[in-house]
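Here's the letter readout for the chains.
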Number of protein chains: 2
Amino acid sequence: MSEGNVGSRLDQWLGSYAARTRGMTASEIRALFAVASRPEVVSLAGGMPNLAALPMDVVGRSLANLVAQNGPVALQYGSGQGDPELRRRILDVMAPNRVSAHPDDIVVTTGSQQALDLVTRIFVDPGDVVLAEAPSYVGALGVFRSYQADVVHVPMDSEGLIPEALSDTLIRLKRAGRKVKLLYTVPNHHNPGGVTLAAHRRPQIVEIARRFGVLILEDDPYGLLGFDGDPLPALHSHDPEGVIYLGSFSKTFAPGFRVGWAVAPHAVREKLVLASESAILCPSSFSQMAVTSYLAEHDWKHQVGLFRELYRERRDAMLQSLSDMLPTSSWTNPQGGFYVWVKVPDGLDTKAMLPRAVTARVAFVPGTAFYADDQGRDHMRLSYCYPSPERIREGVRRLASVIDEELDVQETFGTPGSGQRAGSSVDSPGPDLS
Amino acid sequence: MSEGNVGSRLDQWLGSYAARTRGMTASEIRALFAVASRPEVVSLAGGMPNLAALPMDVVGRSLANLVAQNGPVALQYGSGQGDPELRRRILDVMAPNRVSAHPDDIVVTTGSQQALDLVTRIFVDPGDVVLAEAPSYVGALGVFRSYQADVVHVPMDSEGLIPEALSDTLIRLKRAGRKVKLLYTVPNHHNPGGVTLAAHRRPQIVEIARRFGVLILEDDPYGLLGFDGDPLPALHSHDPEGVIYLGSFSKTFAPGFRVGWAVAPHAVREKLVLASESAILCPSSFSQMAVTSYLAEHDWKHQVGLFRELYRERRDAMLQSLSDMLPTSSWTNPQGGFYVWVKVPDGLDTKAMLPRAVTARVAFVPGTAFYADDQGRDHMRLSYCYPSPERIREGVRRLASVIDEELDVQETFGTPGSGQRAGSSVDSPGPDLS
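For chain A, the name recorded in an unreviewed UniProt entry is PLP-dependent aminotransferase family protein, with Kineosporia babensis as its organism. Per its UniProt entry, chain A bears the Cofactor (unreviewed entry) comment "pyridoxal 5'-phosphate". Listed under Sequence similarities (unreviewed entry) in UniProt, the entry text for chain A is "Belongs to the class-I pyridoxal-phosphate-dependent aminotransferase family."

**Q** Help me understand the packing of aromatic side chains, please; the structure alone is not making it clear to me.
**A** How two aromatic rings sit relative to each other is set out by the distance from centre to centre and by the angle between their planes. All told, the structure shown has 27 aromatic pairs over all chains when counted by the stated rule. With a centroid separation of 4.7 Å and 45° between ring planes, the pair formed by A:Y311 and A:F338 is classed as tilted. Of the two residues, A:Y311 is situated in helix α12 (residues 300-325) and A:F338 in the loop between β10 (330-331) and β11 (339-343); the sequence distance between them amounts to 27 residues. By the burial criterion, A:Y311 is buried, and A:F338 matches it. Over the ring of B:Y17 we find A:K271, and its NZ or CZ is 5.2 Å from the ring centre.

**Q** Quick question: what am I supposed to make of the pairing of strand β4 (residues 150-157) of chain A here?
**A** Each regular strand shows side chains that alternate between the opposite faces of the sheet. Residues and elements named next belong to chain A. By the criterion of burial, β4 is predominantly enclosed, with six of the eight residues buried. Sheet topology note: the strand β3 (residues 129-134)/β4 ladder contains six bridges and is parallel. For E133, the partnering residue across the bridge sits in β4 and is V154. The parallel pair β3 and β4 is bridged by helix α6 (residues 138-146), and the resulting crossover is right-handed. Two strands pair when backbone bridges link them, and β4 and strand β5 (residues 160-161) are joined in this way by two bridges, in the antiparallel orientation. Across the sheet, M156 pairs through a bridge with L161, a residue of β5. The turn linking β4 back onto β5 is made up of two residues.

**Q** Where do I start with the interface of chain B and chain A in this structure?
**A** For interface size, the figure often reported is the accessible area lost on association. On the side of chain A, 81 residues touch chain B, which itself brings 81 residues to the contact. Carbon and sulfur atoms supply 61% of the area buried between chain B and chain A, which totals about 6500 Å² over both sides. Its largest share of buried area at the contact with chain A, chain B owes to B:W13, B:L75 and B:Y77, together 12% of the area lost on that side. The residue A:D117 makes a salt bridge to B:R121 at a minimum N-O spacing of 2.9 Å. For the side of chain B that touches chain A, the elements supplying multiple residues, two or more each, are α1 (2-9), α3 (56-74), α5 (111-123), α6 (138-146), α10 (266-280) and α11 (285-297) of chain B. Per element, the largest residue contribution to the side of chain B that touches chain A is eleven residues, and it comes from α10(B).

**Q** So what exactly am I meant to see when it comes to the sheet that holds strand β13 (residues 365-366) of chain B here?
**A** Sheet strands pair by backbone hydrogen bonding; their relative direction is either parallel or antiparallel. Residue and element names in this part refer to chain B. Sheet architecture is open: four strands sit in the order β10-β11-β14-β13, paired in antiparallel fashion. Single-partner strands in this sheet number two, and they are β10 (330-331) and β13. Relative to strand β14 (residues 379-383), strand β11 (residues 339-343) is paired through five bridges, and the arrangement is antiparallel. Within β14, the residue paired with V342 across the bridge is M380.

**Q** Before we go on, may I ask you to explain the environment of B:G376 in this structure?
**A** All names here are of chain B. Among the secondary structure elements, G376 is positioned in the loop between β13 and β14. Placed 19 residues apart in sequence, G376 and G395 show a C-alpha to C-alpha distance of 21 Å. Filtering out sequence-adjacent residues up to four positions away, G376 remains in contact with T350, G367, T368 and Y371.

**Q** Could you clarify how one ought to interpret the relation of the copies chain B and chain A in this entry?
**A** Put simply, the second copy of the chain is the first one after a rotation about an axis and a shift along it. In the superposition of chain B on chain A (RMSD 0.0 Å, axial shift 0.0 Å), the rotation amounts to 180°. Read as a symmetry element, the transformation amounts to a two-fold axis. Closest approach to the rotation axis within chain B is made by the C-alpha atom of B:A64, at a distance of 2.8 Å. A high fraction, 100%, of the interface residues of chain B reappear at the interface in chain A, so the copies pair face to face through one surface.

**Q** Would you mind showing me how to read the pairing of β11(A) here?
**A** All names here are of chain A. When you tally the buried positions in β11, you get five out of five residues, the bulk of the element. Because side chains alternate across β11, one face comprises the buried residues Y339, W341 and K343, and the other comprises V340 and V342, equally buried. Here β10 pairs with β11 via two bridges, running antiparallel. Along β11, the bridge assignment pairs S330 with K343.

**Q** How should I be thinking about the side chain of B:T21 in this particular structure?
**A** Relative to the elements of secondary structure, B:T21 occurs in the loop between α1 and α2 (28-36). According to the relative accessible area criterion, B:T21 is buried, its value standing at 2%. What B:T21 contacts, discounting residues up to four positions off in sequence, is A:R121, A:I122, A:F123 and A:K271.

**Q** Teacher, can you tell me more about the packing of α5(B) against α6(B) here?
**A** The angle between the axes and the distance between the axes are what describe a pair of packed helices. Residues and elements named next belong to chain B. Orientation of α5 relative to α6, taken along the N-to-C sense of each, is 30°, at an axis distance of 10 Å. The angle between the axes of α5 and α6 places the two elements in the roughly parallel class. Seen along the crossing, α5 lies across α6 with a hand that is right-handed. Contacts between α5 and α6 pair Q113, L116, D117 and T120 from the former with G139, A140, V143 and F144 from the latter. Grouping the amino acids of the contact of α5 with α6 by side-chain chemistry returns four nonpolar, three polar and one charged.

Rules used throughout
Throughout, a residue's number is its position along its own chain's written sequence, starting from 1. Written order decides the labels, with chains lettered from A and ligands numbered from 1. A pLDDT threshold of at least 70 governs which residues receive local features in this predicted model, and a stricter bar of 80 or more applies before side-chain atom pairs are shown or counted, although totals over entire chains, interfaces and linings include all residues. Based on all heavy atoms of the structure, the side-chain values leave hydrogens and waters out of the count. UniProt positions are given in the numbering used here, feature names are shortened, and annotations may be inferred rather than shown by experiment. Centre distance within 6.5 Å is the pairing criterion for rings of Phe, Tyr and Trp, where only the six-membered ring of Trp is used; planes under 30 degrees apart are then read as stacked, over 60 as edge-to-face, and the remainder as tilted. We count a stretch as a helix when DSSP gives it H or I for four or more residues in a row; a strand needs E for two or more, and each element gets its number in order from the N terminus. Categorising residues by exposure relies on relative accessible area from a 1.4 Å probe, with only protein chains included: less than 20% of the type maximum marks a residue as buried, more than 50% marks it as exposed, and the intermediate range marks it as partly exposed. As a reminder, the over-ring test applies to NZ of lysine and CZ of arginine, requiring each to be within 6 Å of the ring centre and within 35 degrees of the ring normal. Strand pairing follows a simple DSSP-based rule, namely that at least 2 bridges must link the two strands. Clockwise travel from the first strand over the helix to the second, with the strands pointing away from the viewer, marks a crossover as right-handed. Should any heavy atoms of two residues lie within 4.5 Å, those residues are considered in contact. Accessible area that two parts lose when put together, evaluated with a 1.4 Å probe and summed over both, is termed the buried area. One side-chain nitrogen of Lys or Arg within 4 Å of one carboxyl oxygen of Asp or Glu is enough to make a salt bridge. Fitting of the copies onto one another was done by least squares over C-alpha atoms, counting residues only where both copies have pLDDT of at least 70. Axes, fitted as lines to C-alpha atoms, cover a helix only where it is in contact. Angles between the N-to-C directions of the axes lie from 0 to 180 degrees. For this classification, under 35 degrees means roughly parallel, over 145 means roughly antiparallel, 65 to 115 means roughly perpendicular, and everything else is oblique. Here a crossing is taken to be left-handed if its near helix is turned anticlockwise relative to the far helix by less than a right angle, and right-handed if that turn runs clockwise. In this count, Pro and Cys sit with the nonpolar residues alongside Ala, Val, Leu, Ile, Met, Phe, Trp and Tyr, while Asp, Glu, Lys and Arg are called charged and the others, Gly among them, polar.

Next comes the structure, spelled out in structure tokens:
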């Protein structure tokens, strides 16, 4: 914060920025990266996929072949919509989630983050409402803020977004005359919630959105990373004309190529391509062909299975450690993905606690990062994707001692700054995710 | 157009789009790509760099090494600002253009197109004015339009942007109470103008912009591709606090990696990084490290020299062919880059002529694509970067016969639609670029 102020004082262009730029501030996660990347810190903060299981020799050979056989195409500009062969292969990748589409319905993007940006760009005017789960993905909240949307949170429980709460929120907003453009949701292995939208709720959510004329933006980076059974059918499968589905290779292959995609209704897809051409001309031909080669030459489904086992082992270590060492907290029970959402004892403030945690050599993301309002102080996101099971256990041990110390202080001196915190806790009770 | 209308009629989300989306329409260049890519057509339309001179074996080996030695980093998420090692190496690449900076001043982007998008995003509110040369780069005009800027063109002549015209335009806009946010300029080997801003004008342009408090956006993809002598010092070298400089590896290495960059004043750079994180999280680690490896392991300066010779040979073929076969037209005299800007005889309309040209198996871009208003009907852009010298000659031959036929028709029947065309020619005389 103080760094930003210093920059501002010296900024001769301060009077020139667009109104939207005021909403662009460094996220809490971003400030954390520098600290949490020190080797002595156990980071339960980041969402970096664990690439240890990737066969680097296979990838390296495949890229050398790509240049030898297709260099002049791979190194050249490509189509704004994305490589047709990759778009065909993406159909296979989405089949387990029952997203059925034509390659023409797909727009390849620079990671699914760019798809979030493009969808928001073409739909959201300043002051429009975007609905998002409470809590929601920090990167999506940043996009919505940068387009000056008003994010309204809708509560979740252990079965994901609550249909009645969605319906109530939409009625309330309609009465208030607000324009609701999008419902942003991560139905599978939610980030940061660690919950999955129940099968029976999916058609209900789609039906409510349709009734209110609200387009669903279904973000599904973790859909193939469920630990048990087959993936549930995507919201898209219930209403392809009412849902934009976002996928990504960042968690099932590698984020370093920045390849994601959107599946959209025909007319929307045309706008997305135009918006993407304006934003970047075209996605990287090389990255796209690297992914295509990998999908063609490697047993990618087996590889995803290896990732699942790797993350399941870490999820188990995380839940066991929490159960052993954090008796005063509660948490969600993730069946896939990267994250568990932890409720700390009443009166504790995870944002205030973070510097002390980092001093104790463990990092997490405070719950406030995942809300557009002031909710989340009594929650934190722990990620289990990257560290080894031993490191996860050690991290939770350190976290437990930090929480115990906080509780000691609270018991001895009363809740520090209790006025502020109790207020925020009444105003924003937070979702029932325990 | 009719395709768009059909899409609109079927679009259930038509009422949901943001106001800015109305400005997103397919560019004339885009519609051309499908047609011009047929092998029987000589395309003098596209701006694809010619990669024939690239040593594919070197590139392939370098990428295989990259994965073997640095796979887990190259395939992972990276920093939003870009790889520090690449940012260091970019300093060397900019040295001939006298852009001096610190690696911290650089933001790596997904091609310099993304830098155009990000700069416009952080500075431009709807209705703000962006100044651009007349004519200007079609991809930049698309970005400005998508942020609802009003583009005001400033005339060029054979020495580039005219300082007096810039000053007059700024005075006029100031009197009209308009907010001018950016001066967008391509000083070297202009696209599409094919001219270079004279050395003595550079400090004048910078001084005028400073006097009126207008930030300069200096787009320099062709700065190293001059055929004679050293590059002229960039506008940035005259006032680093008043200029954002954009560079790209698309023309000096390969566009397929989508790696470009912006050099910006410190506070602006911070905003650009935040905007980029919102747009794409981070640029591709793999692409950046591929470029870094190439710069480190290959004599890239020698390679740029090979590109220069390849383009010089094609420029010579183009100018000689024009001189031999288009006696009724005039054109600029490019000393580098990819393009020549051709003025056709009075009364001809290059946009109306294009379908007939494609029938005659030659493609170009009509001048209207390079204006935000209705100027340019009597101009066209010919690119000489991609086809062989023989194909260039054949393309100009076909073009000459199309123009001769148009002139015959005009002579026999009078200027077709002369009312409209004479009007547009009086309203928009176009720059003196012959």
